[in-house]
Amino acid sequence: MLALAGHKFVILEFLYALRKFVLAKRKFLGNREIMGDFISKGTSMSWEKDYVRSPPWDIHAPQPEIVKLAENNEIKGARVLDIGCGLGDNAIFLAKKGFLVTGIDIAQLAIEKGKKRAAKQGVTVDFRVGDVFRLDDYFEEESFDTVLDSGLFHSLDDEEKLPFAKQVWKVLVNGGKYFLLCFSDTEQGSEKPKGINKEEIRRTFSKMFRVDYLRDAFVAAKIRDGGAGGYIASMTKIVSAHS
Ligand code: SAH
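All residue numbers here refer to positions counted from 1 along the written sequence of the relevant chain. In keeping with the model being predicted, local features are shown solely for residues with a pLDDT of at least 70 and side-chain atom pairs are shown and tallied solely at 80 or more, while totals for entire chains, interfaces and linings include all residues. Side-chain metrics in this entry use all non-hydrogen atoms of the structure; hydrogen atoms and water are not considered.

(A) Focus on the sheet that holds strand E2 (residues 100-105). Overall, mixed pairing links the 7 strands, which are arranged E3-E2-E1-E4-E5-E7-E6 in an open sheet. Since the sheet does not close on itself, it has two edges, and those belong to strand E3 (126-129) and strand E6 (209-220), each with one partner. In this sheet, neighbouring strand axes are inclined to one another by 15° on average, regardless of whether the strands run parallel or antiparallel. Here a strand pair is declared whenever DSSP counts at least two bridges between the two strands. Where helices and strands are cited, they refer to DSSP runs of H or I of at least four residues and of E of at least two residues respectively, numbered from the N terminus. Sheet topology note: the strand E1 (residues 79-83)/strand E4 (residues 144-150) ladder contains 4 bridges and is parallel. Bridge pairing in E4 links valine 80 to threonine 146. Contacts are residue-level and defined by heavy atoms, with any inter-residue pair within 4.5 Å sufficient. Structural elements are reduced to axes, namely lines fitted to C-alpha atoms, with helices fitted over the stretch in contact, and the angle between N-to-C directions of any two is expressed from 0 to 180 degrees. Relative to the sheet, helix H7 (residues 158-171) contacts E1, E4, strand E5 (172-183), E6 and strand E7 (227-237), its axis offset from that of E5 by approximately 140°.

(B) The packing of aromatic side chains, seen in detail. Put simply, two rings from Phe, Tyr or Trp (the six-membered ring, in Trp's case) pair if the centres are within 6.5 Å, and we call them stacked under 30 degrees between planes, edge-to-face over 60, tilted for the rest. What the rule picks out here adds up to 10 aromatic pairs. With 5.1 Å between their ring centres and 85° between their planes, phenylalanine 139 and phenylalanine 144 make a pair best called edge-to-face. For phenylalanine 139, a relative accessible area of 9% translates into the label buried. Only protein chains enter the accessibility calculation, which uses a 1.4 Å probe. A residue is then buried if its area is under 20% of the maximum for its type, exposed if over 50%, and partly exposed in between. Exposure remark for phenylalanine 144: the relative accessible area of 5% places this residue in the buried category. Centre to centre, the rings of phenylalanine 153 and phenylalanine 205 are 5.1 Å apart; their planes meet at 50°, and the pair counts as tilted. Of the two residues, phenylalanine 153 sits in the loop between E4 and H7 while phenylalanine 205 sits in helix H8 (residues 198-205), which places them 52 residues apart along the sequence. Its relative accessible area of 0% is what places phenylalanine 205 among the buried residues. Three or more aromatic residues joined by ring pairs form one cluster here, namely Phe153, Phe164, Tyr178, Phe205 and Phe209.

Interpretation in functional terms is not warranted from these geometric data alone.
And the structure:
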């Protein structure tokens, strides 16, 4: 009798564990749809693992908003720095258009894969592994005419935003452009990126940049509806206020 009760207990334990597993898996897959489990704090290790498989932002093409920037001739000057370039599709697209493009990312694996994509397409991009908070270690001041940020700013913690803006400011020429593409705060995810509101963008950058425009935009990704709402901003480095 006792042995039978013990058996029952083991079976119940097993069923309980199985249920727990199924629920956890369902939660994981649900989160994945909103990209939550792919986005973590900006340490190199956490980003690195995102590139073991293809992350949701890997659309194997440049972001439509970046294509528009090029078509509208908004990208002035020759030297472009793509910060948080990931797998490099935006950088590769701009290099094809004739720009001298440097792509930098903290994830080594992303850079390795980006290099392969560029080589396959016969395009030269200066890909580098590096931390955006150390741009001034890697590049002379005023090394670039344009800085492109597709999906990096919205992954930063609040206290990182101003130091980030200063780094961008330093490597740009006077009058150089910073283009920012990010998810907007209307996108509700439980995890990062939570999305940015317009006020936050203005607050972060307005002392160092003139905000030329800040508009609604579509950010393409391998999620429901093929992407989500965001913002695109064009900013120009101003000199007087910051030193
Ligand atoms: N720009 C790409 C990737 C966006 S995902 C695209 O549009 O598809 C954000 C990227 O920023 C990731 O590749 C991540 O590795 C990179 N990143 C995050 N923190 C960083 C940091 N401190 N320095 C450099 N790159 C960083």
